[in-house]
Each structure stands twice: as C-alpha cells, then as structure tokens.
Amino acid sequence: MEKTFLMVKPDGVQRDLVGDIVSRFEKKGFKLAGAKLMKITEALAEEHYAEHKGKPFFQELVGFITSGPVFAMVWEGENVIATARQMMGKTNPQDALPGTIRGDFGLTVGKNVIHGSDSPESAEREIGLFFSNSELVEYSKHSKQWIY
Ligand code: RTP
Ligand code: MG
C-alpha cells in the first residue's frame, strides 16, 4: 500500500494544531504507520530540502524548520501521496482553498503548517530520512472483534 511522509511544521506544533491535523487524515480513512515529535538538525533539514539549495528562501526555510519541534508522520492508503497534498492545499496559504489545512490554518508561505511528500520518489526518500524500519508499524484496522 502507498505511503507518504507528512510533517506538522514548528508553527503547527506551537499553535497546537497537531491533533486537528492528525484527525483530518484519520477521518479521511488513511492509516497511521508511524509518528514522532522531534527536533530536526540542520544537517537533516538541508538534506530534506536539498532540492531548494541555492534558492533565496533556503536559509530561512532551514532556520524555520529547525526552530522548534516538528511532528513527523508516515501515513498509508490508496493514492495517499496525491490526496494528502490536496488536503494540505497550495504551498502559499493565501492561494490555498478553505477546507484545506493551509487554507484553514496558514497565513504566509514561510509558515505554512505542514509538509507533505510530492511524489512516490520523494515519499520513499523522506520516509527513509526520518524513520527507521523498526519505527514503522504494520497492522490491520478491521480484523478486530470489537469492530463490526
Ligand atoms: P513542502 O515541501 O514544505 O511540503 O512545501 P511544498 O512542496 O508545497 O513547496 P516547496 O516548493 O517544496 O517549498 C518548500 C517550502 O519552502 C517554503 N517556500 N518559501 N518564500 C518563498 O517564496 C517560498 N517558497 C517556498 C515554503 O514554506 C514551502 O513549504
Ligand atoms: Mg515540497
């Protein structure tokens, strides 16, 4: 089953949005495969955002993402990579539609609440950067006796 890497950025953690954001993906029907609160080192930030190295906003981006704890997650489900990006909304919250995470909670492009992998290649790369295999949990949600 397809997996993606999602992360509540430092602004989302500071503003107590972790629960709301987790809830949206739960209610949509996706399955949480791993999650942790962590601080990103500068080296990890630079590797994670390597595609943006050299761009004018790169230093600001690395400074921001290392400025406080993030909530890193792996979510699983059919077409989860593209669907999660739709649920996040456009990169600039001013262009993001109401009903999306960035549209509902974000104000500026630099502090846009959530990160999500943008392709199968980046999902695989980012999951590998942030999670070891032993941190990812395989389980079934609908084989338990107490769910009818
Ligand atoms: P992300 O990687 O964080 O999920 O965001 P994204 O795919 O929607 O956007 P991307 O182009 O990958 O940009 C990464 C992050 O860099 C910041 N940014 N700032 N000042 C600017 O013009 C600018 N452009 C991008 C945003 O915080 C964006 O999420
Ligand atoms: Mg991106």
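Residues numbered from 1 in each chain as written. Chains lettered and ligands numbered in written order. Predicted model: local features only at pLDDT ≥ 70, side-chain atom pairs only at ≥ 80, totals over all residues. Heavy atoms only, no water.

## Topic: the UniProt feature "binding site: ATP" (unreviewed entry) in the protein chain
- The feature "binding site: ATP" (unreviewed entry), as annotated in UniProt, sits at Lys9, Phe57, Arg85, Thr91, Arg102 and Asn112 in this numbering.
- Inspection of the secondary structure puts Arg85 in helix H5 (residues 80–88).
- A relative accessible area of 32% places Arg85 in the partly exposed class.
- Once you skip the residues sitting within four places of it in the chain, Arg85 turns out to touch Gly116, Ser117 and Asp118.
- Judged by its relative accessible area of 2%, Asn112 falls in the buried class. (UniProt positions renumbered as here; feature names shortened; annotations may be inferred. Helix = DSSP H or I, 4+ residues; strand = E, 2+ residues; numbered from the N terminus. Buried < 20%, exposed > 50% of the residue type's maximum accessible area, 1.4 Å probe, protein only. Contact = heavy atoms within 4.5 Å.)

## Some points on the pattern of salt bridges
- For the structure on display, the rule yields three salt bridges.
- The salt bridge partner of Arg24 is Asp104, with a shortest N-O separation of 2.9 Å. Residue Arg24 is found in helix H2 (residues 18–28), and its partner Asp104 is found in helix H6 (residues 101–105); the two are separated by 80 residues along the sequence.
- A salt bridge links Glu46 to Lys53, with the shortest nitrogen-to-oxygen separation between them at 3.9 Å.
- Residue Glu46 is classed as partly exposed on the basis of its relative accessible area, which comes to 24%. (Salt bridge = Lys/Arg side-chain N within 4 Å of Asp/Glu carboxyl O.)

## Some points on the site of ligand 1
- Not every one of the 13 residues close to ligand 1 is listed here, only the nearest: Lys9, Thr91, Val109, Asn112 and His115.
- At 2.5 Å from an oxygen atom of ligand 1 is found a side-chain nitrogen or oxygen belonging to Thr91.
- Against a free-state accessible area of 570 Å², the protein chains account for coverage of 78% of ligand 1. (Near = heavy atom within 4 Å. Polar contact = N/O pair within 3.5 Å; in protein donor to acceptor, adjacent residues only side chain to side chain. Areas by Shrake-Rupley, 256 points an atom, 1.4 Å probe, with all protein chains shown as cover.)

## Considerations on the pairing of strand S1 (residues 3–8)
- Burial analysis of S1 places five of its six residues in the buried class, which makes it a mostly covered element.
- In terms of strand pairing, S1 meets strand S3 (residues 70–76) through six bridges, oriented antiparallel. Within S3, the position partnered with Thr4 by the bridge is Trp75.
- The sheet contact formed by S1 and strand S4 (residues 114–116) spans three bridges and is antiparallel. The partner of Leu6 across the bridge, within S4, is Gly116. (Pairing = 2+ DSSP bridges.)

## Overview of unusual backbone geometry
- At Asp16, a position not held by glycine, the phi torsion is positive, near 60°.
- A positive phi angle is found at Asn79, which is not glycine, with a value near 55°.
- With respect to the helices, strands and loops of the structure, Asn79 is situated in the loop between S3 and H5.
- You can call Asn79 partly exposed: its relative accessible area is 45%.

## Focus: the UniProt feature "domain: Nucleoside diphosphate kinase-like" (unreviewed entry) in the protein chain
- Per the UniProt record, "domain: Nucleoside diphosphate kinase-like" (unreviewed entry) is annotated on residues 1–138.
- Note that residues 1–138 is 41% helix and 17% strand, and that its end C-alpha atoms are spaced 11 Å apart.

## As for the sheet that holds S1
- Strand order in the open sheet made by the four strands is S2-S3-S1-S4, with antiparallel pairing throughout. At either margin of the open sheet sits one strand with a lone partner, and together these are strand S2 (31–38) and S4. In this sheet, neighbouring strand axes are inclined to one another by 15° on average, regardless of whether the strands run parallel or antiparallel.
- Strand direction decides the pairing type here: S2 and S3, joined by seven bridges, are antiparallel. Within the sheet, the bridge partner assigned to Met38 lies in S3 and is Val70.
- Contacts from H2 reach S1, S3 and S4, with the element oriented near 5° to S3.
- In the packing of helix H7 (residues 120–130) onto the sheet, the strands contacted are S1, S2, S3 and S4, and the crossing angle to S1 comes to about 60°. (Axes fitted to C-alpha atoms, helices over the stretch in contact; angles between N-to-C directions.)

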